[in-house]
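# Coordinate analysis (summary)
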Amino acid sequence: MFRWLLVILLALMFISWLTPLLRRLGFGRLPGDFRFRWLGRDWDVPLASTLLLSFVVSLITKLL
């Protein structure tokens, strides 16, 4: 279970680092992505984008 938690955490960090590029492509604005300001900082929680990207990656791996 710790491995899955670590994988999810790393995926969220990776997507957060790629947020500017992904926003140009339309990700981060899906109806399940949360963006809020707390303690003077903008926080992104891209739940729907993460699910969509994981679906695309799993589809690509199954086709290969």
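Criteria and cut-off values
- Residues numbered from 1 in each chain as written.
- Predicted model: local features only at pLDDT ≥ 70, side-chain atom pairs only at ≥ 80, totals over all residues.
- Heavy atoms only, no water.
- Phe/Tyr/Trp six-rings, centres within 6.5 Å; stacked < 30°, edge-to-face > 60°.
- Lys NZ or Arg CZ within 6 Å of the ring centre and 35° of its normal.
- UniProt positions renumbered as here; feature names shortened; annotations may be inferred.
- Helix = DSSP H or I, 4+ residues; strand = E, 2+ residues; numbered from the N terminus.
- Pairing = 2+ DSSP bridges.
- Polar contact = N/O pair within 3.5 Å; in protein donor to acceptor, adjacent residues only side chain to side chain.
- Contact = heavy atoms within 4.5 Å.
- pLDDT = per-residue confidence, 0-100.
- Patch = residues over 30% accessible without salt bridge, like charges linked within 9 Å, V, L, I, M, F, W, Y side chains within 5 Å.
- Areas by Shrake-Rupley, 256 points an atom, 1.4 Å probe, with all protein chains shown as cover.
- Salt bridge = Lys/Arg side-chain N within 4 Å of Asp/Glu carboxyl O.
- Buried < 20%, exposed > 50% of the residue type's maximum accessible area, 1.4 Å probe, protein only.

As annotated in an unreviewed UniProt entry, the protein carries the name DUF2905 domain-containing protein and comes from Acidovorax facilis.

### Some details on the packing of aromatic side chains
With the rule as written, the count across this model stands at zero aromatic pairs. One cation-aromatic arrangement involves R41 over W43; the distance from NZ or CZ to the ring centre is 4.8 Å.

### So, the UniProt feature "transmembrane region" (unreviewed entry) in the protein
The feature "transmembrane region" (unreviewed entry), as given by UniProt, occupies residues 47-63 in the numbering adopted here. Segment residues 47-63 splits into 100% helix and 0% strand. End C-alpha atoms: 25 Å apart.

### Thoughts on the pairing of strand β2 (residues 41-46)
A regular strand places its side chains on the two faces of the sheet in alternate fashion. The sheet contact formed by strand β1 (residues 33-38) and β2 spans six bridges and is antiparallel. Within the sheet, the bridge partner assigned to W38 lies in β2 and is R41. In sequence, β1 turns back onto β2 through a hairpin of two residues, with L39 there showing a positive phi of about 60 degrees.

### Topic: the side chain of D33
Tracing the sequence through the fold places D33 in strand β1. Only 2.6 Å separates the side chain of D33 from the side chain of S49, close enough to count as a polar contact. Not counting residues up to four positions away in its chain, the partners in contact with D33 are F27, G28, V45, P46, L47, A48 and S49.

### Considerations on the confidence of the model for the protein
Averaged over the protein, the pLDDT score is 84; the fraction of residues at 70 or greater is 100%. Of all helices and strands in the protein, the one with the weakest mean pLDDT is helix α2 (residues 19-25) (79), whereas helix α3 (residues 47-63) scores best (88).

### Describing a nonpolar patch on the surface
Side chains of F2, L5, L6, L9, L10, M13, F14, W17, L18, L21 and L25 sit close together on the surface and give an oily, nonpolar patch of about 1200 Å² of accessible area. Among the secondary structure elements, those contributing two or more residues to the nonpolar patch are α1 (2-17) and α2. With eight residues, the top contributor of residues to the nonpolar patch is α1. Its relative accessible area of 63% is what places W17 among the exposed residues.

### Some remarks on the pattern of salt bridges
Taken as a whole, this structure holds two salt bridges when the rule is applied. Linking D42 and R35 is a salt bridge whose minimum nitrogen-to-oxygen distance equals 3.6 Å. Of the charged contacts, one joins R37 and D42 as a salt bridge, the two residues approaching to 2.9 Å between their closest N and O atoms. For R37, a relative accessible area of 58% translates into the label exposed. Overall, D42 belongs to the partly exposed group, its relative accessible area being 38%. Connected through shared salt-bridge partners, R35, R37 and D42 make up one network.

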